[in-house]
Amino acid sequence: FLNIANRNTRVKRPLMYVASLARAIGVSDDASFAWAMNVPLQIMGEGLYRAGPPTGYPDVSRAWAGEGTYIARANLAWRATHGYDGFAPSFEVTGTTPVEIVDQLQKQFLRNGIEPTTRAALESLVEGLPPAARVQEAAATLLASPDFLMH
């Protein structure tokens, strides 16, 4: 169970993704957040109380790793980092360079670090953005990256 080889081997189910996104970003109002998450969960395929078979939703990565659910997760990550749907974003970023921004966001959201390819892509993204949009856009991209989508 605790073997390091088992870490980051499965895609988060939609409900788990929403919960981890809420934990990472923060929520301003539980009731409005719960109400707002009903539609995204349905779009991602795991609507609350909508599982047909008595065994519930599948608990395997291949059921949750499609393009449609990924787009929905990326859109939700963007909405979360911009304060929509009851999210309350607060970024612990004081740096201004791409390296500093990515380092500080990684420390805030992913305690186990990120892959070198993800880091390089985020730094390149940040470099091309206007300073006012860097932190929010980098956070949204990081929260939609495979590093955050896996558990």
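Residues numbered from 1 in each chain as written. Predicted model: local features only at pLDDT ≥ 70, side-chain atom pairs only at ≥ 80, totals over all residues. Heavy atoms only, no water.

1. Structural notes on the side chain of Glu46
Okay, so step 1: Relative to the assigned elements, Glu46 resides in the loop between α2 (30-43) and α3 (67-81).
Okay, so step 2: Since its relative accessible area comes to 5%, Glu46 is described here as buried.
Okay, so step 3: A distance of 2.8 Å separates a polar atom in the side chain of Glu46 from the backbone nitrogen of Leu15. (Helix = DSSP H or I, 4+ residues; strand = E, 2+ residues; numbered from the N terminus. Buried < 20%, exposed > 50% of the residue type's maximum accessible area, 1.4 Å probe, protein only. Polar contact = N/O pair within 3.5 Å; in protein donor to acceptor, adjacent residues only side chain to side chain.)

2. Things to note about a nonpolar patch on the surface
Okay, so step 1: Taken together, Leu15, Leu48 and Tyr49 make up a surface patch of nonpolar side chains, about 380 Å² in accessible area.
Okay, so step 2: Given the relative accessible area of 38%, Leu48 is considered partly exposed. (Patch = residues over 30% accessible without salt bridge, like charges linked within 9 Å, V, L, I, M, F, W, Y side chains within 5 Å. Areas by Shrake-Rupley, 256 points an atom, 1.4 Å probe, with all protein chains shown as cover. Salt bridge = Lys/Arg side-chain N within 4 Å of Asp/Glu carboxyl O.)

3. A closer look at helix α6 (residues 134-142)
Okay, so step 1: Residues of α6 that are buried include every one of Arg134, Ala138, Ala139, Ala140 and Leu142, and no others.
Okay, so step 2: Along its buried surface, α6 packs onto α3, α4 (98-109), α5 (116-127) and α7 (146-149). (Contact = heavy atoms within 4.5 Å.)

4. Considerations on unusual backbone geometry
Okay, so step 1: Backbone geometry at Asp85 places phi at a positive 60°, although glycine is not the residue there.
Okay, so step 2: Locating Asp85 in the fold gives a position in the loop between α3 and α4.

5. So, the packing of aromatic side chains
Okay, so step 1: For the structure on display, the rule yields four aromatic pairs.
Okay, so step 2: Ring plane angle 80° and centroid distance 5.8 Å describe the contact between Tyr17 and Phe148, whose orientation is recorded as edge-to-face. Taken together, the residues Tyr17 in helix α1 (residues 14-25) and Phe148 in helix α7 connect sequence positions 131 residues apart.
Okay, so step 3: Relative accessible area serves as the criterion here: at 0%, Tyr17 is assigned to the buried category.
Okay, so step 4: Between Phe91 and Phe109, the aromatic rings sit 6.4 Å apart at their centres with planes inclined by 90°, giving edge-to-face as the arrangement. (Phe/Tyr/Trp six-rings, centres within 6.5 Å; stacked < 30°, edge-to-face > 60°.)

6. Looking at the confidence of the model for the protein chain
Okay, so step 1: Looking at the protein chain, pLDDT values average 88 and 92% of them are 70 or higher.
Okay, so step 2: Between the elements of the protein chain, mean pLDDT differs from a low of 91, seen in α7, to a high of 97, seen in α6. (pLDDT = per-residue confidence, 0-100.)

7. Concerning the nonpolar core
One recurring pattern in soluble globular proteins is that nonpolar side chains are buried together.
Okay, so step 1: Grouped together as the largest cluster of nonpolar side chains are 32 residues, with contacts concentrated most on Leu21, Met37, Leu76, Phe87, Leu105, Phe109 and Leu143.
Okay, so step 2: Elements with a minimum of two residues in this core: α1, α2, α3, α4, α5, α6 and α7.
Okay, so step 3: Considering each element in turn, this core owes the most residues, six residues, to α1.
Okay, so step 4: Those residues within four positions of Met37 in sequence are excluded, and the remaining contacts are Val18, Leu76, Asp85 and Phe87. (Core = buried A, V, L, I, M, F, W, Y, C linked by side-chain atoms within 4.5 Å.)

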